[in-house]
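Overview (structure and organization)
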Amino acid sequence: MFTATYVGQQLLNGVVLGSMYALLALGMTVVYGILRLINFAHGALVTVGAFTFFGIFVVLGWPFALALAAALVVGGIMGFLLDLVGYRKLRGGPEVSLLITSLGIYILLENFIKLLATPQPYAFRPPAFLVQLHNVGGVAFRTVDIFIVLVSVLIMTAFALFVKHTKLGIAMRATAESVEAAQLVGIGVNQVVAVAFVLGSAVAAITGFMWGAKYGQISYDMGFMAGVKAFVAIVIGGIGSIPGAMIGGFVLGLVETLAVGFLPPGFAEYRDAIVFTLLILVLLFKPTGIMGRKEAV
Amino acid sequence: MRRWASLPGGVRFLIGVAALFLALFIANSTLNRYVLHVIILIGIYSVATTSLNLTNGYTGLFSLGHAGFMAVGAYVATLLTFPVRLRIAYNLPLLPSFLGGPEYHWPFLPALIVGGAVAAIAALLVGAPVLRLRGHYLSVASLGFMVIITTLAKGLKDLTRGAAGIQAIPRYTNIWWVYAWLVVTIYVIWRLLNSSYGRAMLAIRESETAAQSQGIHPMRYKLLSFVIGAFFAGIAGGLYAHFARSIRPYEFSFYMTFHIVIMLIIGGAGTLLGPTLGAAIVVALKYVLKPVEEGLGIYGLVELIYALMLIGVMLWRPEGIAGGVNPLRYLIPRKERR
């Protein structure tokens, strides 16, 4: 039953899902590193990106590249506004108030989309060249799968270089280390946080397009589980580590896909339960994750 | 007003309860069924929010798993009270002999209490690992617990009928049941807070390290707070099931938790009556706005306004409407306060 092609197929699906988790985890972990905020609203940006692309490409019929760019820009602007309007005032207060506010912002965005669109899900048709079917040694995939993996690797590499070598990236790492110390050496923490939000949100919006293109359907509530699972990926990879978040994303994507693919069919509906059981196990037995530093959990 | 404040707490409580039930009696005999429906719903959500307040408001454990405990209470109570003659038609299991046998179904009150107790046991099992975590980790892990519960409710089809849910539950819940339980919930939490247990919980909220250095074992008190909160959440779930008459797994999802959190935050976390106030505002608002939402066809309006209220309260009045009163004020003599 479990032939080599079946295993290959499952692995491929796992890597594709993992790429998307990794992209989301990337944006979330940068914000978490600085503000200690689990940004539930990050998931809403996935929905925003998917619907922006859908609106421009499918409804208006404008070119693909333009629609993708629009999703990126809208995501970035949203990230900037969320930080400015929602979170800036609460910085330095209790952590839990940031968390509650991000929940509120998530619900706000979700229902705003529900208002603009309708509560029914939409069929999401990416351009024809992305849905073309390929077959290598019995493993079937579409161009979009390759697109997702390649773009993810590209974004992650670019981000790694940015954080490692540019002045802003170094400032970002310093702020994550200690906000006070960063302020003392003259880093504009507000700018750094704004950049983290803009970049993370733009990437989340692109992930929304990928999600829609991969699964062929978008709905107003698609982003919630994606966002929460991205946090699970961060925990698995190790809080506070950017490479860890990406590795965690791939691990989670593979575990989720393989669990559904190899457990008896009755277990498919326990998909989300499996993810959260994994989270609780990691938190209990290895709270630092794969690459995280020691931190009081 | 000063004379009122100088009365002993127990007397004030009794006067308050008497006034509440007098008001309910008048309401019950004068108002129409629609308004009474809203009043009952407010009571059920008040029980849920008040119990959430114990963990989230007083002990400082920001749990997002409350709907999970409500689901446990709702399903357990329903499975116990479900009429025997309908069980086969609805593919529900008959009770095993140690629970009364196949020819028997439970009366309401014991079923509710067992529902609450099972929720409390679930809290004990989940809390032991999850409460070791702090802050955000606790929030996400408890959210994960809720997801696990709802997926189980969907998956265990022999027990819960899966995603189709259970219908035709007998309608036992009425205004008296609900508000009696609300009074019990508030009373228990009030007495708890005025005991050494409650003071330990407040101390843990302010600083776990400081509490520990005073000889308080945080885990014990966190677990106690979690378990008592879950018990009343289970009760609220049971009341809800026997009021709505049908339960489906997805009802006890993230949105249920979110609504309860909004009620808590708007009313005032860490205040005794804030949760009831918050529940009244949020539920009443829903019933005022629902016709507008449906009339204009703009679905999502109610949730949108809830979210705006939550964000607004967080930004400008984080202590909530009933907040601003520090519970420590009553516990520490004036001259020792700083």
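Keep in mind that what you see is a predicted model, and the values were worked out from it rather than measured. (Residues numbered from 1 in each chain as written. Chains lettered and ligands numbered in written order. Predicted model: local features only at pLDDT ≥ 70, side-chain atom pairs only at ≥ 80, totals over all residues.)

**Some thoughts on the overall build of chain B**
- Scanning chain B for helices and strands turns up 16 helices and zero strands.
- In terms of overall dimensions, chain B is globule-like: its C-alpha atoms have a radius of gyration of 20 Å, near the 20 Å expected for 338 residues.
- Its C-alpha atoms give chain B principal-axis dimensions of about 70 × 45 × 40 Å.
- For chain B, with 338 residues in total, the buried portion stands at 46%.
- Nonlocal contacts in chain B, meaning residues at least 24 apart in sequence, comprise 80% of its contacts between residues at least 6 apart. (Helix = DSSP H or I, 4+ residues; strand = E, 2+ residues; numbered from the N terminus. Rg over C-alpha atoms; globule rule 2.2 N^0.38 Å. Buried ≥ 20, exposed ≤ 12 C-beta atoms within 10 Å, placed from the backbone. Contact = placed C-beta atoms within 7 Å.)

**Some words on the confidence of the model for chain B**
Residue and element names in this part refer to chain B.
- Residues at a pLDDT of 70 or more form 95% of chain B, whose mean pLDDT is 85.
- Considering each helix and strand of chain B separately, the mean pLDDT is smallest for helix α16 (residues 328-331), with a value of 45, and largest for helix α12 (residues 218-244), with 93.
- Within the model, pLDDT remains below 50 along residues 327-338, and this stretch shows six contacts once partners closer than five positions in the same chain are excluded. (pLDDT = per-residue confidence, 0-100.)

**Regarding the pairing of strand β3 (residues 139-142) of chain A**
All names here are of chain A.
- Both strand β2 (residues 133-136) and β3 contribute to a ladder of four bridges, which runs antiparallel. Residue Leu 133 lies in a different strand from β3, and its bridge partner there is Arg 142.
- Taking the residues between adjacent antiparallel strands as the criterion, β2 and β3 are bridged by two residues, where Gly 137 takes a positive phi near 60°. (Pairing = 2+ DSSP bridges.)

**Considering the interface of chain B and chain A**
- Of the residues lining the interface, 37 residues belong to chain B; the matching set on chain A comes to 35 residues.
- Elements represented by at least two residues in the side of chain B that touches chain A include exactly α6 (108-130), α7 (135-155), α13 (254-267) and α15 (301-316) of chain B.
- The greatest single-element share of the side of chain B that touches chain A, amounting to 14 residues, is contributed by α7(B).
- Taken together, the residues of the side of chain B that touches chain A sort by class into 27 nonpolar, seven polar and three charged. (Nonpolar A, V, L, I, M, F, W, Y, C, P; charged D, E, K, R; others polar.)

**Quick notes on the nonpolar core**
- One finds Ala25(A), Leu26(A) and Met70(B) to be the most contacted residues of the largest nonpolar core, which totals 199 residues.
- Per-element accounting of this core gives the leading share, 16 residues, to helix α8 (residues 189-215) of chain A. (Core = buried A, V, L, I, M, F, W, Y, C linked by C-beta atoms within 7 Å.)

**Re the domain arrangement of chain B**
All names here are of chain B.
- Taken as a whole, chain B is organised into domain 1 (1-30) and domain 2 (33-255).
- Computed from C-alpha coordinates alone, the two centres of domain 1 and domain 2 are separated by 27 Å.
- Between domain 1 and domain 2, the contact holds six residues from the first and six residues from the second.
- Its residues assigned to classes, the side of domain 1 that touches domain 2 comprises five nonpolar, one polar and no charged. (Domains from an automatic or database assignment.)

**Focus: unusual backbone geometry**
- Positive phi, close to 55°, is recorded for Arg36(A), a residue that is not glycine.
- You can see Arg36(A) is positioned in the loop between α1 (4-35) and α2 (41-59).
- For Arg245(B), which is not glycine, the phi torsion reads 70° and is therefore positive.

**Side note on the packing of helix α4 (residues 95-116) of chain A against α15(B)**
- For the pair α4(A) and α15(B), interaxial distance at closest approach is 8 Å and the crossing angle is 155°. The angle between α4(A) and α15(B) places the two elements in the roughly antiparallel class. For the pair α4(A) and α15(B), the sense of crossing is left-handed. Judged by residue contacts, Ser97(A), Ile100(A), Thr101(A), Gly104(A), Ile105(A), Ile107(A), Leu108(A), Asn111(A), Phe112(A) and Leu115(A) of α4(A) engage Leu301(B), Glu303(B), Leu304(B), Tyr306(B), Ala307(B), Leu308(B), Leu310(B), Ile311(B) and Met314(B) from α15(B).
- Looking at side-chain class alone, the contact of α4(A) with α15(B) contains 14 nonpolar, four polar and one charged residues. (Axes fitted to C-alpha atoms, helices over the stretch in contact; angles between N-to-C directions. Parallel < 35°, antiparallel > 145°, perpendicular 65-115°, else oblique. Left-handed = near helix turned anticlockwise from the far one by under 90°.)

**Focus: helix α14 (residues 274-296) of chain B**
Residue and element names in this part refer to chain B.
- For α14, with 23 residues, the first-to-last C-alpha span of 32 Å sits near the 33 Å given by 1.5 Å per residue.
- Its axis deflected by about 35° at Leu 289, α14 carries its strongest bend there, up to four residues before the proline Pro 291.
- Regarding α14, the residues found buried are Gly 274, Pro 275, Thr 276, Gly 278, Ala 279, Val 282 and Val 283.
- Next to the buried residues of α14 lie α3 (33-58), α13 and α15. (Expected span 1.5 Å × (residues − 1). Bend = angle between axes of the 7 residues up to and from the residue.)

**Section: the environment of Ile44(B)**
- As for its position among the elements, Ile44(B) is in helix α3.
- Apart from residues lying up to four places away in sequence, Ile44(B) is in contact with Val178(B), Ala236(B), Leu239(B), Tyr240(B) and Phe243(B).

**Some details on the confidence of the model for chain A**
- When pLDDT is averaged across chain A, the result is 87; 98% of the residues are at 70 or more.
- Element-level pLDDT for chain A is lowest in β2(A), with a mean of 82, against a maximum mean of 91 in α8(A).

**Focus: the environment of Phe82(B)**
All names here are of chain B.
- Along the chain, Phe 82 falls in the loop between α4 (66-81) and α5 (84-87).
- A sequence separation of 235 residues divides Phe 82 from Arg 317, and the C-alpha atoms of the two residues are 45 Å apart.
- The residues contacting Phe 82, other than those within four sequence positions of it, are Arg 87, Leu 92, His 105 and Ile 169.

**Focus on helix α11 (residues 271-285) of chain A**
- Taking 1.5 Å as the rise per residue, α11(A) with 15 residues should run 21 Å; its terminal C-alpha atoms sit 21 Å apart, in good agreement.
- Against the buried residues of α11(A) lie α9 (222-237) and α10 (242-262) of chain A together with α6 and α7 of chain B.

**A short note on the environment of Pro129(B)**
- As for its placement among the helices and strands, Pro129(B) is situated in helix α6.
- Along the chain, Pro129(B) and Val84(B) lie 45 residues apart, while their C-alpha atoms are 38 Å from each other.

**A closer look at the packing of α4(B) against α13(B)**
Residues and elements named next belong to chain B.
- Between α4 and α13, the least distance of the axes is 8 Å, while the angle of their chain directions is 115°. Judged by the angle between their axes, α4 and α13 are roughly perpendicular. Relative to α13, α4 is oriented so that their crossing is right-handed. When α4 is examined against α13, the residues His 66, Ala 67 and Met 70 are found in contact with a partner set consisting of Met 256, Thr 257 and Ile 260.
- In terms of residue class, the contact of α4 with α13 is made up of four nonpolar, two polar and no charged.

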